[in-house]
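Coordinates in review
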Amino acid sequence: MKILVTGGTGFIGSHTVVELQKEGFDVVIVDNLSNSQKWILDAVADISGVKPEFEQFDLADQKLTADFFSRHNDIVGIIHFAAYKAVGESVAKPLLYYRNNLVSLLNILEGMMVHNIPNLVFSSSCTVYGQPDELPVSEKAPIKKAESPYGNTKQISEEIIADTLASSNLKAIALRYFNPIGAHESAKIGELPLGVPNNLVPYITQTAIGIRQELSVFGNDYNTHDGTPIRDYIHVVDLAKAHVIAVKRMIEKQMKNNFEVFNLGTGIGYSVLDVINSFEKVTGIKLPYKIVDRRAGDVEKVWANPAWSNTELGWKAERSLDEMMDSAWKWENYYAKKNNITTKKR
Ligand code: UDP
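Thresholds applied
As a convention, each chain's residues are numbered from 1 in the sequence order in which they are written. Where local features are concerned, this predicted model is filtered to residues with pLDDT of at least 70; where side-chain atom pairs are given and counted, the filter is 80 or more; whole-chain, interface and lining totals use all residues. Only heavy atoms go into the side-chain values, all of them from the structure, while hydrogens and water stay out. Relative accessibility decides the category of a residue: with a 1.4 Å probe and only protein chains considered, values under 20% of the type maximum give buried, values over 50% give exposed, and everything between is partly exposed. In this description a helix means any DSSP run of H or I spanning at least four residues, a strand means any run of E spanning at least two, and both kinds are numbered starting from the N terminus. This arc corresponds to the set of directions leading from the helix axis out to the C-beta atoms. We call two residues in contact whenever any of their non-hydrogen atoms come within 4.5 Å of each other. Think of it this way: a Phe, Tyr or Trp ring, Trp meaning its six-membered ring, pairs with another when their centres are within 6.5 Å, and the plane angle makes it stacked under 30 degrees, edge-to-face over 60, tilted otherwise. Whenever Lys or Arg places a side-chain nitrogen within 4 Å of a carboxyl oxygen from Asp or Glu, that contact is recorded as a salt bridge. When we say a residue is near a molecule or strand, we mean one of its heavy atoms is within 4 Å of it. Pairs of N or O atoms within 3.5 Å make up the polar contacts considered here, provided that, within protein, one atom can donate a hydrogen while the other can accept it, and that residues adjacent in sequence are counted only when both atoms are side-chain atoms. Here the open area of atoms and residues is found with the Shrake-Rupley method and a 1.4 Å probe, where only the protein chains shown may cover a residue. Polarity classes work like this: nonpolar for Ala, Val, Leu, Ile, Met, Phe, Trp, Tyr, Cys and Pro, charged for Asp, Glu, Lys and Arg, and polar for all others, with Gly in that last group.

Some words on helix α3 (residues 62–71)
Here α3 has its buried residues at Thr65, Phe68 and Phe69. Down the axis of α3, the buried side of the element spans an arc of 95 degrees, and every buried residue falls inside it. If you follow the buried residues of α3, they end up packed against β1 (2–6), β2 (26–30), β3 (53–55), β4 (75–80) and α5 (94–115).

Comments concerning the packing of aromatic side chains
The tally for this structure, following the rule as stated, stands at 10 aromatic pairs. Relative to Trp329, the ring of Phe279 has its centre 5.5 Å away and its plane inclined at 85 degrees; by these criteria the two rings are edge-to-face. Of this pair, Phe279 sits in helix α9 (residues 272–283) while Trp329 sits in helix α11 (residues 321–338); the two residues are 50 residues apart in sequence, bridging distant segments of the chain. Residue Phe279 is classed as buried on the basis of its relative accessible area of 0%. With a relative accessible area of 10%, Trp329 lands in the buried category.

Thoughts on the pattern of salt bridges
With the rule as written, the count across this model stands at 24 salt bridges. Lys248 serves as the salt-bridge partner of Glu23, at 2.6 Å between the closest nitrogen and oxygen. Note that Glu23 is positioned in the loop between α1 (11–22) and β2 and Lys248 in helix α8 (residues 236–251), a separation of 225 residues in sequence. Using a relative accessible area of 43% as the deciding quantity, one classes Glu23 as partly exposed.

Things to note about the site of the ligand
Of all residues adjacent to the ligand, which total 14 residues, the nearest are Leu200, Ser216, Arg231, Arg295 and Asp298. Contacts to the ligand include Phe218, whose backbone N or O atom sits 3.0 Å from an oxygen atom. The separation between an oxygen atom of the ligand and a polar side-chain atom of Arg295 is 2.9 Å. Relative to its free-state accessible area of 510 Å², the ligand is covered by the protein chains to the extent of 88%. Per-element accounting of the shell around the ligand gives the leading share, 4 residues, to strand β8 (residues 215–218). Tallied by class, the residues present in the shell around the ligand amount to 7 nonpolar, 4 polar and 3 charged.

Okay, here's the thing in structure tokens:
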């Protein structure tokens, strides 16, 4: 059975391709490589023993996407990761984000309609909850006004999917990710930030390996146990496995209704300083950091109630924060070695 994975050379996409292949699925990846690299395909093949089929083009191009679907009539389901994801950039370039993230979704849904591909797993985000009124946050929590154009594209995408489903026989599962971090245990695939990382963990590992001088911790005056913001960090392999479960649930017709939404988190919240402490403990490295002003748009605390995913999907995040740090660090080192990056390791 063949699954189309859009954005399959990206961080979460590549880990999901590995898990799909492990479960016997064939995979075709479409990616424009705007935020990923082609050698990831070889790394995936190295891990799984199978090189996935790959086409490089932009899913926001209606003609190319329609052409792709007319050449691939054996796709039974789609996991749609391909999207821009940098919050700050989306504030600076909103139209770029709306065009890329929304138009590509429209083109995919059109392809599904025309070619009768019923199953879509959509990559959504806990940003749809904003700062929730109640913690932990369940899928029933109200959707708050988006903090950024990026977050808004996730909200609008869920609405577009719901409207499309209401007038067709398509089915979809939206997976709302909390904070995916870590890397594959082989250390052969992981997060590959373009330029200066926006996210905490790649910034930590790049600082530890000597690419960055010092980590800035954005604020320590929040209402949390140590003043730094709290997130629900989840290992990317746990996240990837949930996608395979979601695909199977659709194919095996176990869905309770034609649009389901699940939180993908551990249910445990850690502060920025908790993450730094875990990294230092696991690696034995003293991480240089300084406290700076809050970052605009950051919510104070958010962590998941994963009960619905645990019971309905039969899925549970299993890997600890220490394992997330350990794998992220091994990946950073593997990548530096592979690319002959000279570093001043601390
Ligand atoms: N953060 C930080 N320094 C950084 C990057 C992030 O202190 O260089 C903090 C950020 O304020 C937030 C947490 O780390 O509290 C997670 O941020 P990230 O960008 O990784 O994910 P987000 O929750 O914003 O999607």
